[in-house]
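Fold and contact review
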Amino acid sequence: MSIKNMTKEKNWSGQKLVSTDYLLFEAPREKHFMTGSEVLKEAIKRCTVDASVSYPITPQSEAAHLIGELWAEGYVGLYFRGENEFGVMSEVQGCAMAGARTVTTTSGPGTLRAMENFPTWSGTRIPCQLILMARGINSPLTIQPDNLEVSFLLETGCMIWYAENVQELFDMSIAAFTVAEKPDVHVPIITAVDGFFVSHTREAVMLPADDIALHPYDPYAAPLPPIDSEMPPGRFLRDPFVMKSNYISYATHASWQWEVRSAVDRSRPYAKHFLKGLVHITGDENAEVAFVACGTAAHQAKEAQRELTKLGVKSKVIKLRTIRPFPHEELLEAVQGVKYIFVPEFNVVGWLDKEVSTALYGKCDAKIIGRPRVAGGMSMPAEAILKEVFENTDLKQGA
């Protein structure tokens, strides 16, 4: 396999090159039965990925292994294992700065070990993708589902999307490259799922044929030029003038941080198109109770919503598909008229509750209840959500 074999019609593995719209919305699909890790392999297979760097940590180890199989099969240009998670994310940055479409995966403690790299990714405006299969990071040690680590990533300057199930993981992983690589965006993207609940759960998923793939990444359309033999790393990475103690250095650093966040915000119309909305709403449009959630918590909230309907309580679920950019306008519109907003989460700190409360502060009269919260691998049955609803509202069953 060689990149020299690339043509205008086909990539190096012989797949026909198609638009993202065709791949996601127009290509015929067939039903399969796969885990999240397996479906991620299928997504990357259709993305003309130049490079992937891996390091094992539960629960993403299988996903990393399966991407390695794609390299052996000729679908991924370069694949190697880093010495640790910090090394992996540094090597991802090197690949992406050199102009390669790059993907990696991690979970839990791996995320924290690599943390310094994520704001560096956004600062260098690389459009790489991290597939985050969230797990516990707390002591005592746990490998079980828990998304506390997402709270550490919120202000890194990366886009963050959250998939509820294997179908969304497939579609988001493909769309993510396209949105991240837009010249007016061009920042890293984190596609998150809840570990085990999605990574290891086998579900029905609709996939297009595997003989089509995305067009390759064009690094010369990027806002920052790639590193090659003619263009060495920018001076700000080697002898950064922003490290000097003067007004220009301070202003440069501050303005660059604002620009990174503006770039994330400019991703909104693209994300809205490819995700068919930054939020998805199910349930009663005249609801008194709204559940605002993402990932597996949204799935469980839908179970609770159906049970509340049986009990005569009108409710709806507002599933956030993007966390960064945060869908402020869409959320505010979705909660109009509700009396109570519950934010169920798989962590103890309630990072999404804080996001929701901040977004709605002074704009919404509904009472916001940041519960239930479960962590460390605990499940969130519909009964636990119903208990919170009837303990924290004046609603009555059958009212």
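First, a word on what this report is: a plain description of the structure on this page.

About the thresholds
- Residues numbered from 1 in each chain as written.
- Predicted model: local features only at pLDDT ≥ 70, side-chain atom pairs only at ≥ 80, totals over all residues.
- Heavy atoms only, no water.
- Buried < 20%, exposed > 50% of the residue type's maximum accessible area, 1.4 Å probe, protein only.
- Helix = DSSP H or I, 4+ residues; strand = E, 2+ residues; numbered from the N terminus.
- Contact = heavy atoms within 4.5 Å.
- Core = buried A, V, L, I, M, F, W, Y, C linked by side-chain atoms within 4.5 Å.
- Salt bridge = Lys/Arg side-chain N within 4 Å of Asp/Glu carboxyl O.
- Phe/Tyr/Trp six-rings, centres within 6.5 Å; stacked < 30°, edge-to-face > 60°.

**Thoughts on helix H2 (residues 36–45)**
With nine of its 10 residues buried, H2 lies for the most part within the structure. Within the sequence span of H2, burial applies to Gly-36, Ser-37, Val-39, Leu-40, Lys-41, Glu-42, Ala-43, Ile-44 and Lys-45. Here the buried face of H2 lies against strand E2 (29–34), helix H3 (61–73), strand E5 (102–106), strand E6 (129–134), helix H8 (166–180) and strand E9 (203–208).

**Examining the environment of Pro-119**
Of note, Pro-119 is situated in helix H6 (residues 117–123). Pro-119 gets classed as partly exposed once you look at its relative accessible area, which sits at 39%. Distance in space between the C-alpha atoms of Pro-119 and Thr-156 is 4.5 Å, their sequence separation being 37 residues.

**Structural notes on the nonpolar core**
Val-39, Leu-40, Ile-44, Met-159, Trp-161 and Ile-174 are the most contacted members of the largest nonpolar core, which has 50 residues in total. The leading source of residues in this core is H8, at 10 residues. Apart from the residues within four sequence positions on either side, Met-159 is in contact with Val-179, Ala-180, Val-185, Val-187, Pro-188, Ile-189, Ile-190, Val-264, Ser-267 and Arg-324. With 46 residues, the next largest nonpolar core counts Ala-96, Leu-154, Ala-290 and Leu-352 among its residues.

**Re the pattern of salt bridges**
Tallying each qualifying case throughout the model produces 25 salt bridges. We note a salt bridge from Arg-113 to Glu-85, for which the minimum N-O separation is 3.9 Å. Here Arg-113, found in helix H5 (residues 109–113), pairs with Glu-85, found in helix H4 (residues 85–97); they are 28 residues apart in sequence, far enough to count as distant. Of the residues examined, Arg-113 reaches a relative accessible area of 49% and is grouped as partly exposed. The buried category is assigned to Glu-85, whose relative accessible area is 6%. Connected through shared salt-bridge partners, Glu-164, Glu-168, Lys-302, Lys-319 and Arg-321 make up one network.

**Here we look at the packing of aromatic side chains**
Counted under the stated rule, the structure contains four aromatic pairs. Pairing Phe-25 with Phe-274 gives two aromatic rings, centres 6.5 Å apart and planes at 15°, and the pair type is stacked. Taken together, the residues Phe-25 in helix H1 (residues 20–26) and Phe-274 in helix H11 (residues 268–274) connect sequence positions 249 residues apart. A relative accessible area of 9% means that Phe-274 is categorised as buried. On the basis of an interplanar angle of 80° and a centroid distance of 5.1 Å, the ring pair of Phe-118 and Trp-121 is categorised as edge-to-face.

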